[in-house]
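Architecture at a glance
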Amino acid sequence: MNIRKAIAACEAQYLSEGGRASTWAGDYLKVLRHLPQDKPLTPHRLRDLVERWEPNSRSRQRACHAAQYLAKFAGVDWTAGKLKGRYKARPVDPRRIPTDDEIESQFDRLENADWRWVYGSIAAYGLRPHEALRCDLEKFKQGDGKCWIPHETKTGARRVWPLHPEWFYSFRLQQSRRPPINLARDNSAIGHAATEYFSRTARLPFNLYSLRHAWARRAYLEGLDDAAAAKMMGHSLDVHQTIYRAWFDDLVLERAYQDMLAKRQPRKR
């Protein structure tokens, strides 16, 4: 069996086990297509494949995961081992995250109603850009404030509650609208389209993904349990704490210190 046939058979099994077509296309096929399709699958070719990506990078880690999955399916004796490297997600820089006042002022500035709805959804629910464009609009129209993310997104179906709840109404999210964008594309392409609009056309003064980070900060300061926040954001508790915990702790210390200052009596001399 050549590599092309092995990939096709592997994809069929992946989908039969409940995997999502968009995930296969974005996380597996995007890597595996670089293999020589008409050649047999060998450990040497798998190693050459993953070495296309920079060591200790997220791309290398993803390539190793895809290659390992195909090797296991095809019965090839190969493991990524040390090729995976030591990649670790970087903590978020809190200085680049907009305040709630800044988020609201930028919402009011946006002229395109469809893209304004996307912006408001990302801000209120901490969504990834492609999730705002794929979320279930019919359930939004029920007006209960919850956002329903379908299976076709990066981490599968889930429900998310708004923070702040009043943004559901002040951002008019119950109107359930989004721009005419081709949802047949993979999640990466859909998310890129949103990022391009807000950076080039709308000229947003901060990164669109910062709205998601702002939701995480807001959840922490409002006292939402880390596990619940991680589940609503669609990632693991470990990822949630690795990326955010370092500066979350500083926020808590700052708030405690300011509370103390508000209560104390000035020292008299």
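Here, every reference points to the structure presented above.
Below you will find a few notes about this structure. These numbers were taken from a predicted model, which means no experiment stands behind them. (Residues numbered from 1 in each chain as written. Predicted model: local features only at pLDDT ≥ 70, side-chain atom pairs only at ≥ 80, totals over all residues. Heavy atoms only, no water.)

Observations regarding the overall build of the protein
If you tally the helices and strands in the protein, you get 13 helices and 2 strands. In terms of overall dimensions, the protein has a C-alpha envelope of 80 × 50 × 35 Å along the principal axes. Counting over 269 residues, the protein shows a buried share of 42%. For the protein, the share of sequence-separated contacts (at least 6 apart) that also reach a separation of at least 24 residues comes to 65%. Taken as a whole, the protein presents about 15300 Å² of accessible surface, with 49% of it coming from carbon and sulfur. Looking at charge distribution, the protein has the averaged site of its 47 positive side-chain charges lying 4 Å from that of its 32 negative ones. (Helix = DSSP H or I, 4+ residues; strand = E, 2+ residues; numbered from the N terminus. Buried < 20%, exposed > 50% of the residue type's maximum accessible area, 1.4 Å probe, protein only. Contact = heavy atoms within 4.5 Å. Areas by Shrake-Rupley, 256 points an atom, 1.4 Å probe, with all protein chains shown as cover. Lys, Arg positive; Asp, Glu negative; His and termini not counted. Charge placed at Lys NZ, Arg CZ, Asp CG, Glu CD.)

Quick notes on a positive patch on the surface
Together, Lys30, Arg33, Arg58 and Arg62 make up a positively charged patch on the protein surface. Turning to its location among the elements, arginine 33 is positioned in the loop between helix H2 (21–32) and helix H3 (43–50). (Patch = residues over 30% accessible without salt bridge, like charges linked within 9 Å, V, L, I, M, F, W, Y side chains within 5 Å. Salt bridge = Lys/Arg side-chain N within 4 Å of Asp/Glu carboxyl O.)

Regarding the packing of helix H6 (residues 113–125) against helix H11 (residues 210–221)
Contact geometry for H6 and H11: axes closest at 7 Å, N-to-C directions at 30°. Here H6 lies roughly parallel to H11, going by the angle between them. Across the interface between the two elements, Tyr119, Ile122, Ala123, Ala124 and Tyr125 of H6 pack against Leu211, Arg212, Trp215 and Arg218 of H11. Split into classes, the residues belonging to the contact of H6 with H11 amount to 7 nonpolar, no polar and 2 charged. (Axes fitted to C-alpha atoms, helices over the stretch in contact; angles between N-to-C directions. Parallel < 35°, antiparallel > 145°, perpendicular 65-115°, else oblique. Nonpolar A, V, L, I, M, F, W, Y, C, P; charged D, E, K, R; others polar.)

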